[in-house]
Amino acid sequence: QVQLVESGGGSVQAGGSLRLSCGYTSSIACMGWFRQAPGNEREWVATIFTFAPTRYADSVKGRFTISKDNAKKTLYLQMNSLKPEDTAMYYCAADSFGSTYCSRDSHPGYWGQGTQVTVSS
(Lines give C-alpha, C1' and ligand atoms only; values in the text may rest on other atoms or scores of the structure.)
Protein backbone atom coordinates (compact mmCIF):
# COMPACT_ATOMS: atom_id res chain seq x y z
CA GLN A 1 0.00 0.00 0.00
CA VAL A 2 1.01 3.63 -0.45
CA GLN A 3 2.11 5.51 2.64
CA LEU A 4 3.06 9.19 2.70
CA VAL A 5 4.93 10.99 5.47
CA GLU A 6 5.55 14.76 5.36
CA SER A 7 8.30 16.69 7.10
CA GLY A 8 10.08 20.05 6.90
CA GLY A 9 7.37 22.38 8.13
CA GLY A 10 8.13 25.22 10.48
CA SER A 11 7.95 28.96 11.08
CA VAL A 12 9.62 31.53 8.84
CA GLN A 13 9.41 35.25 8.16
CA ALA A 14 7.76 36.63 5.06
CA GLY A 15 10.15 36.47 2.14
CA GLY A 16 11.90 33.43 3.53
CA SER A 17 12.16 29.89 2.19
CA LEU A 18 11.26 26.42 3.34
CA ARG A 19 11.46 22.96 1.78
CA LEU A 20 8.90 20.30 2.54
CA SER A 21 9.58 16.60 2.05
CA CYS A 22 7.26 13.66 1.59
CA GLY A 23 8.63 10.15 1.85
CA TYR A 24 6.68 7.46 0.05
CA THR A 25 6.72 3.66 0.14
CA SER A 26 6.03 2.97 -3.55
CA SER A 27 6.03 4.80 -6.87
CA ILE A 28 2.75 6.28 -8.13
CA ALA A 29 1.77 8.24 -11.25
CA CYS A 30 0.68 11.54 -9.72
CA MET A 31 1.99 13.15 -6.55
CA GLY A 32 1.64 16.61 -5.13
CA TRP A 33 0.66 18.99 -2.37
CA PHE A 34 -2.48 20.50 -0.90
CA ARG A 35 -2.83 23.01 1.93
CA GLN A 36 -5.50 24.09 4.36
CA ALA A 37 -5.66 27.04 6.73
CA PRO A 38 -8.14 27.17 9.65
CA GLY A 39 -11.55 28.27 8.39
CA ASN A 40 -10.57 27.75 4.77
CA GLU A 41 -11.27 25.03 2.26
CA ARG A 42 -8.45 22.69 1.41
CA GLU A 43 -6.77 23.94 -1.75
CA TRP A 44 -4.56 22.30 -4.30
CA VAL A 45 -0.98 23.61 -4.57
CA ALA A 46 1.00 21.58 -7.11
CA THR A 47 1.25 18.21 -8.85
CA ILE A 48 4.14 16.34 -10.42
CA PHE A 49 3.53 13.56 -12.96
CA THR A 50 5.46 10.71 -14.51
CA PHE A 51 3.78 11.43 -17.86
CA ALA A 52 3.18 15.21 -18.07
CA PRO A 53 4.67 18.59 -17.10
CA THR A 54 4.33 19.81 -13.54
CA ARG A 55 1.30 21.92 -12.66
CA TYR A 56 0.95 24.76 -10.13
CA ALA A 57 -1.85 26.76 -8.60
CA ASP A 58 -1.78 30.41 -9.69
CA SER A 59 -1.21 31.51 -6.10
CA VAL A 60 2.18 29.77 -5.89
CA LYS A 61 3.37 29.81 -9.49
CA GLY A 62 6.85 31.28 -9.77
CA ARG A 63 7.51 30.89 -6.04
CA PHE A 64 7.11 27.17 -5.35
CA THR A 65 8.84 24.28 -7.09
CA ILE A 66 7.74 20.67 -6.87
CA SER A 67 10.26 17.91 -7.52
CA LYS A 68 10.78 14.22 -6.92
CA ASP A 69 13.75 11.97 -6.21
CA ASN A 70 12.83 8.42 -7.18
CA ALA A 71 16.04 6.95 -5.77
CA LYS A 72 15.31 8.44 -2.35
CA LYS A 73 11.55 7.90 -2.71
CA THR A 74 10.96 11.49 -1.66
CA LEU A 75 8.72 14.25 -2.99
CA TYR A 76 9.73 17.87 -2.34
CA LEU A 77 8.10 21.27 -2.31
CA GLN A 78 10.60 24.13 -2.37
CA MET A 79 8.83 27.28 -1.20
CA ASN A 80 10.48 30.64 -1.82
CA SER A 81 9.33 34.21 -1.27
CA LEU A 82 6.86 33.00 1.33
CA LYS A 83 3.88 35.17 2.22
CA PRO A 84 1.67 35.18 5.34
CA GLU A 85 -1.17 33.83 3.20
CA ASP A 86 0.92 30.70 2.62
CA THR A 87 0.39 29.78 6.28
CA ALA A 88 -1.42 26.45 6.38
CA MET A 89 -1.19 22.76 7.06
CA TYR A 90 0.45 21.21 4.01
CA TYR A 91 -0.50 17.72 2.91
CA CYS A 92 1.29 15.36 0.58
CA ALA A 93 -1.04 13.53 -1.82
CA ALA A 94 -0.90 10.87 -4.52
CA ASP A 95 -2.98 8.72 -6.87
CA SER A 96 -2.68 6.37 -9.81
CA PHE A 97 -2.94 7.09 -13.53
CA GLY A 98 -6.52 7.72 -14.66
CA SER A 99 -7.64 9.06 -11.28
CA THR A 100 -9.51 12.30 -10.69
CA TYR A 101 -6.40 13.73 -9.05
CA CYS A 102 -4.26 13.02 -12.10
CA SER A 103 -6.82 14.58 -14.44
CA ARG A 104 -7.95 17.67 -12.54
CA ASP A 105 -6.04 18.06 -9.26
CA SER A 106 -8.78 16.92 -6.92
CA HIS A 107 -9.71 13.97 -4.70
CA PRO A 108 -6.39 12.16 -4.43
CA GLY A 109 -6.61 8.60 -3.19
CA TYR A 110 -3.74 8.85 -0.74
CA TRP A 111 -2.90 11.49 1.87
CA GLY A 112 -0.13 12.18 4.31
CA GLN A 113 -0.79 13.42 7.85
CA GLY A 114 0.29 17.00 7.17
CA THR A 115 3.04 19.38 8.25
CA GLN A 116 2.46 22.92 9.51
CA VAL A 117 3.91 25.96 7.75
CA THR A 118 3.64 29.35 9.44
CA VAL A 119 4.78 32.57 7.77
CA SER A 120 4.98 35.70 9.90
CA SER A 121 5.01 39.28 8.63
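Refer to the preceding data block for the structure.
All values derive from a computational prediction rather than experimental measurement.

**Student:** Hey, could you run me through the state of the cysteines in this one?
**Tutor:** When the sulfur atoms of two cysteines share a covalent bond, that bond is a disulfide. Under the defined criterion, the tally for this structure stands at two disulfides. Linked covalently through their sulfurs, cysteine 22 and cysteine 92 form a disulfide whose S-S length is 2.0 Å. Between cysteine 22 and cysteine 92 the sulfur-sulfur dihedral comes to about -80°; the bridge is accordingly left-handed. One end of the pair, cysteine 22, is in strand S3 (residues 18-24); the other, cysteine 92, is in strand S9 (residues 88-95), with 70 residues separating them in the sequence. By relative accessible area, cysteine 22 is classed as buried at 0%. According to the relative accessible area criterion, cysteine 92 is buried, its value standing at 0%. Each sulfur of the disulfide joining cysteine 30 and cysteine 102 lies 1.8 Å from the other.

**Student:** How should I be thinking about the sheet that holds strand S7 (residues 64-69) in this particular structure?
**Tutor:** Hydrogen bonds between backbone atoms are what pair the strands of a sheet, whose relative direction is either parallel or antiparallel. Strand order in the open sheet formed by four strands is S1-S3-S8-S7, with antiparallel pairing between adjacent strands. Each edge of the open sheet is held by one strand with a lone partner, namely strand S1 (4-7) and S7. The average undirected angle you get between the axes of adjacent strands in this sheet is 15°. Sheet topology note: the S1/S3 ladder contains four bridges and is antiparallel. Each bridged residue has a counterpart across the sheet, and for leucine 4 the counterpart in S3 is tyrosine 24.

**Student:** Could you clarify how one ought to interpret the nonpolar core in this entry?
**Tutor:** Nonpolar side chains in soluble globular proteins tend to end up buried together. Counting residues in hydrophobic clusters, the biggest one holds 37 residues, and the most contacted among them are Met31, Trp33, Leu77, Met79 and Tyr90. When contributions to this core are tallied by element, the ones reaching two or more residues are S3, strand S4 (30-36), strand S5 (43-49), S7, strand S8 (74-79), S9, helix H1 (100-104) and strand S11 (115-120). Dropping the residues within four chain positions of it, leucine 77 is found in contact with Leu18, Arg19, Leu20, Trp33, Val45, Phe64, Thr65, Ile66 and Tyr90.

**Student:** I'm lost on the packing of aromatic side chains in this one. Help?
**Tutor:** Working definition: an aromatic ring pair is given by the centre-to-centre distance plus the angle between the planes. One pass over the full model with this rule turns up five aromatic pairs. Here the aromatic rings of phenylalanine 34 and tyrosine 101 are separated by 5.7 Å at their centres, their planes lie at 40°, and the arrangement is tilted. Placement of the pair is phenylalanine 34 in strand S4 and tyrosine 101 in helix H1, with a sequence separation of 67 residues. Note on phenylalanine 34: relative accessible area 6%, which makes it buried. Taken together, a centroid distance of 4.9 Å and an interplanar angle of 85° make the contact between phenylalanine 51 and phenylalanine 97 edge-to-face. In this pair, phenylalanine 51 sits in the loop between S5 and strand S6 (55-56) while phenylalanine 97 sits in the loop between S9 and H1, placing the two residues 46 residues apart along the sequence. Here phenylalanine 51 falls in the partly exposed class, since its relative accessible area comes to 42%. Taking the relative accessible area as the measure of exposure, phenylalanine 97 reaches 62% and is therefore exposed. Of the aromatic side chains, those joined through ring pairs into one cluster are Phe34, Tyr91, Tyr101 and Trp111. If you follow arginine 42 out to its NZ or CZ, it ends over the ring of tryptophan 111, 4.6 Å from the centre.

Each value, and the rule that gives it
- Residues numbered from 1 in each chain as written.
- Predicted model: local features only at pLDDT ≥ 70, side-chain atom pairs only at ≥ 80, totals over all residues.
- Heavy atoms only, no water.
- Disulfide = S-S within 2.5 Å.
- Helix = DSSP H or I, 4+ residues; strand = E, 2+ residues; numbered from the N terminus.
- Buried < 20%, exposed > 50% of the residue type's maximum accessible area, 1.4 Å probe, protein only.
- Pairing = 2+ DSSP bridges.
- Axes fitted to C-alpha atoms, helices over the stretch in contact; angles between N-to-C directions.
- Core = buried A, V, L, I, M, F, W, Y, C linked by side-chain atoms within 4.5 Å.
- Contact = heavy atoms within 4.5 Å.
- Phe/Tyr/Trp six-rings, centres within 6.5 Å; stacked < 30°, edge-to-face > 60°.
- Lys NZ or Arg CZ within 6 Å of the ring centre and 35° of its normal.

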